[in-house]
Amino acid sequence: MIVDCATYRDGRRVEGPADFSDALDAVRTAGDGFLWIGLYEPTPEELDLVSSEFSLHPLAVEDALTAAHQRPKMEVYPDALFTVVKTLGYRESDRSVETGEVLVFVGDCFAITVRHGKATPLGGMRKELEDRPGLLRLGPAAVLYAVCDLVVDSYLDLSAMLLSDLDELEADVFAPGRTRGVAERIYAFKRQVVAFRRASAPLLDPAGRLVRGGVPFVPDALQPYLRDVLDHLTKANEQVEALDRLLSDILSANLAQVSVQQNNDMRKISAWAALVAAPTMIAGVYGMNFEHMPELRQSWGYPAALGLMAVVCLVLHRLFKRAGWL
C-alpha cells in the first residue's frame, strides 16, 4: 500500500495533488522539487501502476516484488537509480534478529521507497528528513542517503545488542554449573551473525560507488553525507567480524570444556572400576576350588580377606583422590 505521497520544493513539503500521477506531472511541469512515494509491501497491481507511471525498469520492479530474497546492490537504469538495502531488527522477546528490505528508486524528480518486513520503519526517517530542508534541497537522492544512514545506524545498534548477548553467552559457557543446550545457543547465535553479515558486507560496494561519485541522479553535494554512511558501515562490518571471531573462540572453548568434562568423567569411571576390581580379584583368588591354599583352613582367614579388601580399596581411594580422579 502507499504509506505516504508528498511533494517537496526548496527543501519543504508543499501541498500537491493527492493522486501521484497528477503530482508527478505538476513537479515535472514546474521543473523544481521532487515527489517522494513510500510503499509498504505493495501488491503486484499497485507496483505495476507505479512502475508504469514512472517508467521503472521491469527487472527492478521484479526485484521489488520479491521480498526478502534480494542481495544488497545498486543498479543504474536509464530512468532511475535502483538500490537495495537489507534492514535488520532485534526482537527482545526471543533475542533474535529479524530481516527485511528497503528498495529505493531515485529519478530526476522522484524518489520511491518500497519496504518489506517490519524491521527499520521509515516513518520517523521522513519526519527527521523534513526537519532538514538543506538536505532535501539536494533532490531525491537525499532520500537514498537518509535510508542508507538509517539502516546503517541500525546495524551499529544491533551489533551493540548482540555483543551484550554474546557476553552473557560467554559467561554461561565458563560458568561452574554449566546449563545444557549451550552448544545449540552458540549455533543459533552464529546464524544471527551470518544474517548480519549478509546484510552489511555486500552493502560496502554500493556505498563505495556512491562515495566515488559519478553515479547518475546523485549530486556531488551529497558526498560528505555519503562518506559518513560509508564510515559507519565499515565500522559495522568490523564489529560483525569481531563478533564472528569471538563466537568462534567461544565455540572452541565450549568444545574444549566438553572434552575436559568427558575426560574427568572417564577418570572417575576408571577410578571406581579400579576400586571394584581390587576386591573382586581378591575374592576371585580365594574363591578358587583348590584344596591346598594359604590360610584356607585358618579361623581368621575370612576376616583377613575382608580386611585386605578394605585396605586395598582405602589405599586406592586415597591415591585417586589425591590425583584428582575422584
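Check the entry above for the structure.
Along every chain, residues carry numbers that run from 1 in the direction the sequence is written. Local features in this predicted model are restricted to residues of pLDDT 70 or higher, and side-chain atom pairs are both shown and tallied only at a pLDDT of 80 or more, whereas totals for entire chains, interfaces and linings draw on every residue. Excluding hydrogens and water, the side-chain values take into account all heavy atoms of the structure.

### Thoughts on the packing of helix α6 (residues 141–173) against helix α7 (residues 182–200)
Selection criterion: Every axis corresponds to a line fitted to the C-alpha atoms, with the helix fit spanning only the stretch in contact, and the corresponding angles, defined between N-to-C directions, vary from 0 to 180 degrees. Each helix corresponds to a stretch of at least 4 residues labelled H or I by DSSP, and each strand to a stretch of at least 2 residues labelled E; elements are numbered beginning at the N terminus. Note that the term roughly parallel is reserved for angles under 35 degrees, roughly antiparallel for angles over 145, roughly perpendicular for angles of 65 to 115, and oblique for everything else. The handedness criterion is simple: a crossing whose near helix is rotated anticlockwise from the far helix by less than a right angle is left-handed, and one whose near helix is rotated clockwise is right-handed. In what follows, a contact means two residues having at least one pair of non-hydrogen atoms within 4.5 Å. Under the grouping applied here, Gly and all other residues not named as nonpolar or charged are polar, the nonpolar ones being Ala, Val, Leu, Ile, Met, Phe, Trp, Tyr, Cys and Pro and the charged ones Asp, Glu, Lys and Arg.
For the pair α6 and α7, the least separation of the axes is 11 Å and the interaxial angle reads 165°. Classified by the interaxial angle, the pair formed by α6 and α7 is roughly antiparallel. Like other packed secondary-structure pairs, α6 and α7 cross with a definite hand, here left-handed. Contact residues: Y155, L158, S159, L162, D165, L166, L169, D172 and V173 in α6; V182, R185, I186, F189, Q192, F196, A199 and S200 in α7. For the contact of α6 with α7, the residue count by class is eleven nonpolar, three polar and three charged.

### Structural notes on the nonpolar core
Under the convention used in this document: Residues enter a nonpolar core if they are buried and are Ala, Val, Leu, Ile, Met, Phe, Trp, Tyr or Cys, with the set joined through side-chain atoms within 4.5 Å. For each residue, the accessible area found with a 1.4 Å probe, counting protein chains only, is set against the maximum for its type, and the residue is called buried under 20%, exposed over 50%, and partly exposed in between.
Ranked by size, the top nonpolar core spans 59 residues in total, and within it W36, V147, Y155, L162, I186 and V218 carry the most contacts. When sequence neighbours within four positions are dropped, the list of residues in contact with L162 reads Y90, V97, F189, Q192, F196 and L243. Among the nonpolar cores identified, the runner-up in size contains 24 residues, and F20, L56, A60 and F82 belong to it.

### A short note on helix α3 (residues 58–65)
The cut-off we apply is this: The reported arc concerns the directions from the helix axis to the C-beta atoms and nothing else.
Buried within α3 we find A60, V61, D63 and A64. Down the axis of α3, the smallest arc covering the buried residues is 160°, so these residues share one side. Contacts from the buried residues of α3 go to α2 (44–54), β4 (73–76), β5 (81–91), β6 (96–106) and β7 (110–116).

### Side note on the layout of surface pockets
Stated formally: Buried and open spaces are told apart on a 1 Å grid over the protein atoms alone, a cavity being a set of points where a 1.4 Å probe fits but cannot get out and a pocket being an open set with protein on both sides within 12 Å along at least five of seven lines. Residues with an atom within 4 Å of a point are the lining residues. Grid points are joined across faces, edges and corners, and a volume is the space filled by probe spheres set on the points.
By volume, the largest pocket amounts to about 180 Å³. V3, D4, W36, G38, L39, Y40, T113, R115, P121, L122, G123 and R126 together form the lining of the largest pocket. Elements represented by at least two residues in the lining of the largest pocket include exactly β1 (2–9), β3 (34–40), β7 and α4 (123–130). For the lining of the largest pocket, the element with the most residues is β3, which contributes four residues. Of the residues that constitute the lining of the largest pocket, the class distribution is six nonpolar, three polar and three charged. Roughly 150 Å³ of volume is contained in the second largest pocket. What lines the second largest pocket is R95, D165, L169, R185, A188, F189 and Q192. Every element with two or more residues in the lining of the second largest pocket is listed here: α6 and α7. A class-by-class count of the residues in the lining of the second largest pocket yields three nonpolar, one polar and three charged.

### Observations concerning the state of the cysteines
Formally: Only a pair of cysteine sulfur atoms within 2.5 Å counts as a disulfide in this structure description.
Overall, the coordinates contain zero disulfides when judged by the stated rule. No disulfide involves C5; its sulfur sits 12 Å from that of C109, the nearest cysteine. Of the residues examined, C109 reaches a relative accessible area of 7% and is grouped as buried.

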